[in-house]
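A structural walkthrough
Letter by letter, the chains look like this.
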Amino acid sequence: MTINAKQLYFILDNTPSEQNIMLVGKHGIGKSRILEDYYAQKNCRVVTLFLGQMSDPGDLIGLPEKNEKTGKTDFMLPYWFPTDDTPVVLFLDELNRARPEVLQTIMDLTLNRKLAGKSLPAGSRIISAVNNGAEYQLTDLDPALVSRFNIYEFVPSVQDWLNWAQESGIDSRIISFISANPEYLDSNDFDMDSASLERHPDRRSWERTSKVICNFSELNDELKPLVTGIIGNKATALFFRYINENSIPTAKEILTGDFSKVSTGLKKLSVPVLTQVNESLFKYIENNLQNQPDQDSSVLNNLSSYFDFISDGSKEVSSHFVSLCSSNSYPKTLAFITEKDFELYKKIINSL
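Residues numbered from 1 in each chain as written. Predicted model: local features only at pLDDT ≥ 70, side-chain atom pairs only at ≥ 80, totals over all residues. Heavy atoms only, no water.

**A look at the overall build of the chain**
Formally: To qualify as a helix, a DSSP run of H or I must reach at least 4 residues; to qualify as a strand, a run of E must reach at least 2; elements of each kind are numbered from the N terminus. Computation of the radius of gyration draws on C-alpha atoms, with the globule rule given as 2.2 Å multiplied by the number of residues to the power 0.38. To sort residues, take the accessible area from a 1.4 Å probe on protein chains only and compare it with the maximum for the residue type: under 20% means buried, over 50% means exposed, and anything in between is partly exposed. Contacts between residues were defined by any pair of non-hydrogen atoms, one from each residue, lying within 4.5 Å. Positive residues here are Lys and Arg, negative ones are Asp and Glu, while His and the chain termini are left out of the count. Lys charges are placed at NZ, Arg charges at CZ, Asp charges at CG and Glu charges at CD.
In terms of regular secondary structure, the chain is built from 17 helices and ten strands. The C-alpha radius of gyration computed for the chain amounts to 26 Å, which surpasses the reference 20 Å derived for 352 residues by more than 25%, pointing to a less compact arrangement than a globule. Structurally, the chain occupies a C-alpha span of about 80 × 50 × 40 Å along its principal axes. Within the chain, the proportion of its 352 residues that are buried is 44%. Of the contacts formed within the chain by residues at least 6 apart in sequence, a portion of 73% connects residues at least 24 apart. Placing the 35 positive and 46 negative side-chain charges of the chain at their respective mean positions leaves the two points 2 Å apart.

The following block contains the structure:
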């Protein structure tokens with residue numbers, strides 16, 4: 001049975017800390033990011049160790065030194081080892097890429113919560129991640145080590161990623177594209193018999209793409225080679241064609257242009273993308289209108305038309321718009337609406 005992100009959260013909440021968890025899945029699906037974000041909300045420190053990059057046990061347990069008092073050998077604790085009683089989440093990434101001698105060191109850690117004789121703070125949790133698939137160069141895991149984990153095949157859903165992408169500010173054009181083409185979120189085109197280094201899209205590469213294109217209002221041919229190196233030829237061609245055929249109006253176009261023309265493009269957008277549009281409108285007003293009072297009337301009229309448009313189309317989008325009004329994130333925008341067009345403000349509030 002596979003689990004998605006919501007099911008993983010339930011497992012993390014209800015598994016005793018002394019029981020180890022192993023997540024099995026492809027690379028690039030966000031295992032480490034999901035765990036880091038989840039525990040950050042709980043103010044719990046996550047220590048990520050990439051076991052596949054460790055050349056010998058010393059990288060894990062620290063260097064040996066002579067204890068002058070006892071004359072025996074001690075180990076200098078590694079930089080990550082907690083020095084107080086605060087529990088940590090120890091995330092052992094790439095467990096089945098670790099060298100056999102490193103895995104032997106892991107045995108005591110997973111069973112007794114000890115490393116070179118030093119104990120982890122009470123309440124600490126150990127989570128590992130392994131890659132599965134014929135395309136990986138992997139180390140066979142000792143059955144005795146595997147038996148110390150509760151094992152789950154982790155396959156976060158497309159909707160899991162879309163929710164995360166929206167909250168994390170991923171470029172709205174990517175969100176729109178993945179909403180319409182979910183099969184391009186994670187590529188299954190890897191050819192283990194091919195010597196080609198052709199790139200294929202995954203969740204990690206879409207995040208990198210977002211950081212590249214966020215400063216470009218249009219996706220033109222000049223950008224194609226740059227993006228191709230991140231998500232590959234096939235995904236890039238389809239992505240550019242989709243965006244250019246389903247362009248997302250900018251906040252400036254929506255608020256200062258002919259709304260009747262802009263609304264045609266808005267009708268093609270998905271709910272996640274429209275919530276991104278909501279955010280862009282509030283950010284535009286927050287950052288631009290102080291120095292452009294001559295645009296006040298146009299902006300208010302178009303903002304009112306936009307709110308009527310989303311109210312007729314999606315309760316989820318209109319509720320998100322209202323939540324932005326009631327939040328503390330855009331004080332200048334809220335003041336602008338209430339001072340300049342109180343009727344619009346009442347219409348927004350009365351929609352609740």
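Having put the structure on the table, let's press on.
**Notes on the environment of Val 322**
Summarising the element assignment, Val 322 is placed in helix H15 (residues 315–326). Look at Val 322 and you get buried, because its relative accessible area is 4%. Spatially, the C-alpha atom of Val 322 lies 42 Å from that of Leu 92, the residues being 230 residues apart in sequence.

**Description of the side chain of Thr 236**
Stated formally: Each polar contact in these results corresponds to two N or O atoms within 3.5 Å; when the atoms are within protein, one needs to be able to donate a hydrogen and the other to accept it, and residues that are neighboring in sequence are counted only if both atoms are side-chain atoms.
Within the secondary structure, Thr 236 sits in helix H10 (residues 233–245). Only 2.6 Å separates the side chain of Thr 236 from the backbone oxygen of Gly 232, close enough to count as a polar contact.

**A look at the environment of Ser 187**
Tracing the sequence through the fold places Ser 187 in the loop between helix H7 (172–180) and helix H8 (203–213). It is 11 Å that separates the C-alpha atoms of Ser 187 and Ser 205, two residues lying 18 residues apart in sequence. The contacts of Ser 187, once residues within four sequence positions are left out, are Lys 26, His 200 and Pro 201.

**Things to note about the confidence of the model for the chain**
The cut-off we apply is this: A score between 0 and 100, pLDDT records how confident the predictor is in each residue.
Looking at the chain as a whole, its pLDDT mean stands at 84, while 93% of the residues score no less than 70. When the elements of the chain are averaged for pLDDT, strand E5 (residues 73–75) gives the smallest value, 73, and helix H9 (residues 224–231) the largest, 95.

**What to know about the packing of helix H13 (residues 271–288) against H15**
Helix packing geometry: the angle between the two helix axes and the distance between the axes. Let me state the cut-off plainly: For helices, the axis comes from a line fit to the C-alpha atoms of the stretch in contact; other axes are also lines fit to C-alpha atoms, and the angle between any two N-to-C directions lies between 0 and 180 degrees. Each angle gets one of four labels, with under 35 degrees taken as roughly parallel, over 145 as roughly antiparallel, 65 to 115 as roughly perpendicular, and the rest as oblique. Rotating anticlockwise by less than a right angle from the far helix to the near helix defines a left-handed crossing, while the corresponding clockwise rotation defines a right-handed one. Polarity classes work like this: nonpolar for Ala, Val, Leu, Ile, Met, Phe, Trp, Tyr, Cys and Pro, charged for Asp, Glu, Lys and Arg, and polar for all others, with Gly in that last group.
Their axes nearest at 9 Å, the elements H13 and H15 cross at an angle of 25°. Taken together, the axis directions place H13 and H15 in an arrangement best described as roughly parallel. By crossing handedness, the relation of H13 to H15 is classed as right-handed. On the side of H13, the interface is formed by Val 271, Leu 274, Thr 275, Asn 278, Glu 279 and Phe 282, while H15 contributes Glu 316, Val 317, His 320, Phe 321, Leu 324 and Cys 325. For the contact of H13 with H15, a count of residues per class yields seven nonpolar, three polar and two charged.

**Section: the nonpolar core**
The criterion, for reference: Definition of nonpolar core: a set of buried residues of the types Ala, Val, Leu, Ile, Met, Phe, Trp, Tyr and Cys, connected through side-chain atoms within 4.5 Å.
Core analysis: the largest hydrophobic core is formed by 56 residues, its most contacted members being Trp 161, Trp 206, Phe 239, Leu 266, Tyr 306 and Phe 321. Each residue touching Leu 266, except ones within four places of it in the same chain, is listed here: Pro 249, Ile 254, Phe 259, Leu 274, Tyr 306 and Phe 309. Counting 25 residues, the second largest nonpolar core, distinct from the first, contains Met 22, Met 54, Trp 80 and Ile 106.

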